[in-house]
Amino acid sequence: MINFTVGPVQSSDAVRAIGAEQVPYFRTTEFSELMLENERLVKKFAHTTDDSRVVFMTCSGSGGMETAIMNCLSKQDKALVINGGSFGERFVELLTLHEIPFTEIKLEHGKALKPEHLAPYEGQGYTAFLLQKHETSTGVHYDINLVSDFCKRNHCFLIVDTISTFLCDPFDMAALDAGVMITGSQKALACPPGIAVMALAPSALERIEKTKCCCQYLDLKLALKNQERGQTPWTPAVGVLRQINVRLKEIDAAGGDKAEVERTAQLANYFRNKLKEHNLPFEIISESLSNAVTPLHPTTQSAYEIFIKLKDEYGIWICPNGGDMKDTVFRVGHIGYLMKKDYDQLIDAFLDLKEKKFI
Ligand SMILES: *Cc1c(COP(=O)(O)O)cnc(C)c1O
């Protein structure tokens, strides 16, 4: 099997080897040290300020999104949220559920974020801004500098879902003055699912201190207090946290986040050039691509049928889309343990399907 989805993705041999080990008891100094090292490396790769903190929540990325809202926002806020696909829609649903006043900026699928989208909200008293840096469902990589500048001018607290872009595209949390960054273990961290990683700037720590979180399990006050000594309030996904540790050290040894972003960019470009070279019947649907994924609209066959065919007959997994994009869009990921030769195999499979007039 070759997995080109956007998560869970393929893991390195060292990460998989940890998965085969017994899961150890965790209230130990060894595990605490590992957790503090995880915090230090995430801070380094996310380019946080020194006084920022990182916590590891046992839930998927969506749990991290909800945790951020429940711990940092209140009914006194007035939030702006970008909705350009299914993950933006999730922020909208969460803000609605938690009764945070908000305005939604709806973008057409595949379209980039432009200054004119933000202009009407200038000086209107907004206090918070939420967006995906990369809307994975449509493969649109938003102009985060545009949003960061808006937030600095308007004193908005910025919550960034970087779940599918962290380690794939450059990200500098301190320069952007972002309050919260969220990612998940099964995207570019290329570990099994189960952990949401949250980097919290001092502005977030202040908000957390003042906000009543109506969920004990996801209360960041408790998570932060415990993480001071490298621990968690409840039993975390211990095995996944050990795998994250191996993976973060692998990235560090290979040149850090910059080298990992570069490696991902090379894979993405390799695949995109091959697509052009072979004139395959797919159109790239995004105006602004991330290195993480290539979103494609097949012009001659249902996207879902192509996904099924590749899975069942070639042992290759591309990433299907859901909802109203099920038949029109599929995605090819560039995250996880993948090499150029894997893309050669995918292109060969596409060429075979073309030869057989399936596409
Ligand atoms: C994958 C993803 C999520 C959701 O993560 P889960 O781990 O499936 O809960 C949220 N936002 C973005 C941008 C994603 O790519």
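In case you missed it, the structure is sitting above this.
Only a predicted model underlies this, so the values are computations on that prediction, with no experimental measurement involved. Counting restarts for each chain, with residues numbered from 1 along the sequence as it is written. Owing to the predicted nature of the model, reporting of local features is limited to residues with pLDDT of at least 70; listing and counting of side-chain atom pairs is limited to 80 or more, with chain, interface and lining totals taken over all residues. The side-chain quantities take in all heavy atoms of the structure and omit both hydrogens and water.

(A) Geometry of the site of the ligand. Taken together, the neighbourhood of the ligand is formed by 14 residues, with Ser60, Ser62, Thr136, Asp161 and Lys187 sitting nearest. Contacts to the ligand include Lys187, whose side-chain N or O atom sits 2.7 Å from an oxygen atom. In isolation the ligand exposes 380 Å². Once the protein is present, 89% of that is buried. In this text, helices come from DSSP runs of H or I with a minimum length of four residues, and strands from runs of E with a minimum of two, each type numbered from the N-terminal end. Secondary structure elements with two or more residues in the shell around the ligand: α3 (61-72) and α4 (86-97). Here the shell around the ligand takes 3 residues from α3, the largest share from any one element. Under the grouping applied here, Gly and all other residues not named as nonpolar or charged are polar, the nonpolar ones being Ala, Val, Leu, Ile, Met, Phe, Trp, Tyr, Cys and Pro and the charged ones Asp, Glu, Lys and Arg. Broken down by class, the residue content of the shell around the ligand amounts to 3 nonpolar, 8 polar and 3 charged. Proximity criterion: a residue is near a molecule or strand once any of its heavy atoms comes within 4 Å of it. In protein, a polar contact requires one atom able to donate a hydrogen and another able to accept it; more generally it is a pair of N or O atoms within 3.5 Å, and residues adjacent in sequence count only if both atoms are side-chain atoms. Per-residue accessibility takes into account occlusion by the displayed protein chains alone, with areas from the Shrake-Rupley method and a 1.4 Å probe.

(B) Geometry of the sheet that holds strand β2 (residues 53-58). One bridge is not enough; two strands pair if DSSP finds at least two bridges between them. Reading across from one edge, β2-β10-β9-β8-β5-β3-β4 is the order of the 7 strands in this open sheet, with mixed pairing throughout. The open sheet has two edge strands with one neighbour each: β2 and β4 (102-106). Going across the sheet, the axis of each strand differs from the next one's by a mean of 15 degrees, ignoring polarity. Note: strand β3 (residues 79-83) against strand β5 (residues 128-132), 3 bridges, orientation parallel. Bridging across to β5, Ala79 finds its partner in Ala128. Note on geometry: axes are lines fitted to C-alpha atoms, helical ones only across the stretch in contact, with angles between N-to-C directions running from 0 to 180 degrees.

(C) Molecular detail of the pattern of salt bridges. The salt bridge criterion pairs a side-chain nitrogen of Lys or Arg with a carboxyl oxygen of Asp or Glu, the two atoms within 4 Å. Across all of its chains, the model carries 20 salt bridges by this definition. Across the pair Lys75 and Glu99 runs a salt bridge whose closest N-O atoms are separated by 3.5 Å. Taken as a pair, Lys75 in the loop between α3 and β3 and Glu99 in the loop between α4 and β4 lie far apart in primary sequence, 24 residues in all. Here the term buried applies to any residue with accessible area under 20% of the maximum for its type, exposed to any over 50%, and partly exposed to those in between, with areas from a 1.4 Å probe on protein chains only. Overall, Lys75 belongs to the exposed group, its relative accessible area being 52%. Notably, a salt bridge pairs Lys225 with Glu228, separated by 3.3 Å at the nearest N-O pair. The class for Lys225 is exposed, based on a relative accessible area of 54%. Several salt bridges converge on common partners, so that one network encompasses Arg247, Glu250, Glu260 and Arg263.

(D) View of empty space enclosed by the protein. Definitions used for this entry: grid spacing 1 Å over protein atoms alone; cavity, a set of points where a 1.4 Å probe fits but cannot get out; pocket, an open set with protein on both sides within 12 Å along at least 5 of 7 lines; lining residue, one with an atom within 4 Å of a point. Grid points are joined across faces, edges and corners, and a volume is the space filled by probe spheres set on the points. Tallied over the full model, the rule gives 1 cavity of 30 Å³ or more. Computed from the structure, the largest cavity encloses a volume of approximately 150 Å³. Looking at the largest cavity, it is lined by 16 residues, and the ones nearest its centre are Phe56, Met57, Thr232, Pro233 and Trp234. Among the secondary structure elements, those contributing two or more residues to the lining of the largest cavity are β2 and α9 (220-227). Its residues assigned to classes, the lining of the largest cavity comprises 9 nonpolar, 6 polar and 1 charged.

(E) Seen up close, the layout of surface pockets. Quantified by volume, the largest pocket comes out at close to 230 Å³. Around the largest pocket, the lining is made up of 13 residues, and of these Met70, Leu73, Lys75, His98 and Lys212 lie nearest the centre. Reported here for the second largest pocket is a volume of approximately 190 Å³. Lining the second largest pocket are 16 residues; nearest its centre among them are Arg247, Glu250, Glu260, Arg263 and Tyr337. Where the lining of the second largest pocket is concerned, the elements lending two or more residues are α10 (238-253) and α11 (256-277). Counting residues per element, the lining of the second largest pocket draws most heavily on α11, at 4 residues.

(F) Up close: the pairing of β3. With respect to burial, β3 is a largely interior element, 5 of its 5 residues being buried. Residues of β3 alternate between two faces, with Ala79, Val81 and Asn83 on one and Leu80 and Ile82 on the opposite face, all of them buried. With 5 bridges connecting them, β3 and β4 associate as parallel partners. Across the sheet, residue Val81 finds its bridge partner in β4, namely Glu104. Note on the crossover from β3 through α4 to β4: the handedness is right-handed. When the strands point away from the viewer and the connection leading from the first strand across the helix to the second strand turns clockwise, the crossover is called right-handed.

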